[in-house]
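One-letter residues, chain by chain:
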Amino acid sequence: MTPIFVLGLQRSGTTWMANQLAALPSVAAVEAPEHRGVHESIYFSHFAKAFGPWSRLESRVRFAQAFVLSDYGQLLGLTPELLAVDMREAKSYADLFRIVMDRHARAQSAEAWVEKSPHHTMMYRRLKRAFPDAKFVLVHRRTEGMILSRLSGFGRTPTEGFRRYADIARASVVNTLYGRYLKRLSRRRDCFYLRYEDLHKDDGRLRASLLRFLGVSGSVDEMESQYEANTSFDRAPRKPLSQKDLTVMVVAGILAYLMPLTLLVLAHRLRGAVRGIVWPDWCWKRTGFHPDVQDAGVTRP
């Protein structure tokens, strides 16, 4: 099975892209209607980090309990007995993920599987080491559109005043970081870079090139998402950024662009280390499970 990872910042079109790939009979995915399509695994950013090294039995036991009860594990059809068999075969967290995803793909008579978690974007090198045969689809969105989506995303009411400017500046810096990082990755032979805006205008040629790159069977006509668009504007009308908003966005983006990329990546990782692992509230919605904060060394959302 060919692993396909869709990488990109949240609100940049990663779900839309993953849903188009999952619509192909040749590509399997873990999907959930409540997520409007492909479900994020947050496997390497969260599950493979929170419970300790794979070599320790205690780590594997705590991990297994959390993963099998997660929404992702439930959608995969995992049971404690099935996961125990898989874990005896696996030699690492990555091995186990491949085992369960390959089985999921075989059950659908697929030749590849796709995974999409924005938290994994900065983990390209780790994913490449674990999956040497993987293909990576990189999705980036222009900063203005991404900011508009984030301000109204997930049913939020757009912020106002100083907090709004802080949100815009932060989003501009992060999008600049991701954009530069993804553009650098695009030089690699196992990566396919596309812009959200180009995907919207695509007459089929862009997606045809993507299919050739991935080496999976299927046609562009089959790449129609089976889910409603994961838009941020279901409840709030789309309002353009004001001139002050745009000024904050541009200044923050320029400052981020002038900084060395290595420093931006380091700052991003340090922020993650200080913040710790924060589990999204949707991770265990189906079972209501949550790992013990002290035992797992994680923080609640």
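To be clear, the structure that these remarks concern was listed above.
Reference entry: report on the structure contained in this document. None of these values were measured; they are calculated from a predicted model. (Residues numbered from 1 in each chain as written. Predicted model: local features only at pLDDT ≥ 70, side-chain atom pairs only at ≥ 80, totals over all residues. Heavy atoms only, no water.)

**Here we look at the overall build of the protein chain**
(1) Moving on: Within the protein chain, the secondary structure is distributed over 14 helices and seven strands.
(2) Moving on: Overall, the protein chain is about 60 × 50 × 40 Å in size when its C-alpha atoms are taken along their principal axes.
(3) Moving on: Sorting the 301 residues of the protein chain into buried and exposed places 51% on the buried side.
(4) Moving on: Sequence separation of 24 or more characterises 75% of the internal contacts of the protein chain that already satisfy a separation of 6 or more.
(5) Moving on: Roughly 15000 Å² of accessible area belongs to the protein chain as shown, and the carbon and sulfur atoms make up 53% of that amount. (Helix = DSSP H or I, 4+ residues; strand = E, 2+ residues; numbered from the N terminus. Buried < 20%, exposed > 50% of the residue type's maximum accessible area, 1.4 Å probe, protein only. Contact = heavy atoms within 4.5 Å. Areas by Shrake-Rupley, 256 points an atom, 1.4 Å probe, with all protein chains shown as cover.)

**Topic: the packing of aromatic side chains**
(1) Moving on: Taken as a whole and assessed by the stated rule, the structure comprises 27 aromatic pairs.
(2) Moving on: Note on F97 and W113: the rings are 5.7 Å apart at their centroids and 80° apart in plane angle, and the pair reads as edge-to-face. Of this pair, F97 sits in helix α6 (residues 93-107) while W113 sits in strand β5 (residues 112-116), and the two are 16 residues apart along the sequence. A single burial state applies to F97 and to W113, both of which are buried.
(3) Moving on: Across from the ring centre of F213, 5.0 Å away, lies the NZ or CZ of K135, which sits over that ring.
(4) Moving on: Over the aromatic face of Y196 sits the side chain of R141, whose NZ or CZ is 4.0 Å from the ring centroid. (Phe/Tyr/Trp six-rings, centres within 6.5 Å; stacked < 30°, edge-to-face > 60°. Lys NZ or Arg CZ within 6 Å of the ring centre and 35° of its normal.)

**Digging into the pattern of salt bridges**
(1) Moving on: Here the structure, examined in full by the defined rule, presents twelve salt bridges.
(2) Moving on: The shortest N-O distance in the salt bridge between E34 and R286 comes to 2.8 Å. Placement of E34 in the loop between β3 (31-32) and β4 (37-38) and of R286 in the loop between α13 (261-275) and α14 (293-296) is noted, with a sequence separation of 252 residues between them.
(3) Moving on: When its relative accessible area of 48% is taken as the criterion, E34 is described as partly exposed. (Salt bridge = Lys/Arg side-chain N within 4 Å of Asp/Glu carboxyl O.)

**As for the environment of A110**
(1) Moving on: Mapping A110 onto the fold places it in the loop between α6 and β5.
(2) Moving on: Taking C-alpha positions, A110 is 22 Å from A90, a pair spaced 20 residues apart along the chain.
(3) Moving on: Setting aside its immediate chain neighbours within four residues, A110 contacts M1, P25, S26, V27, A28 and A105.

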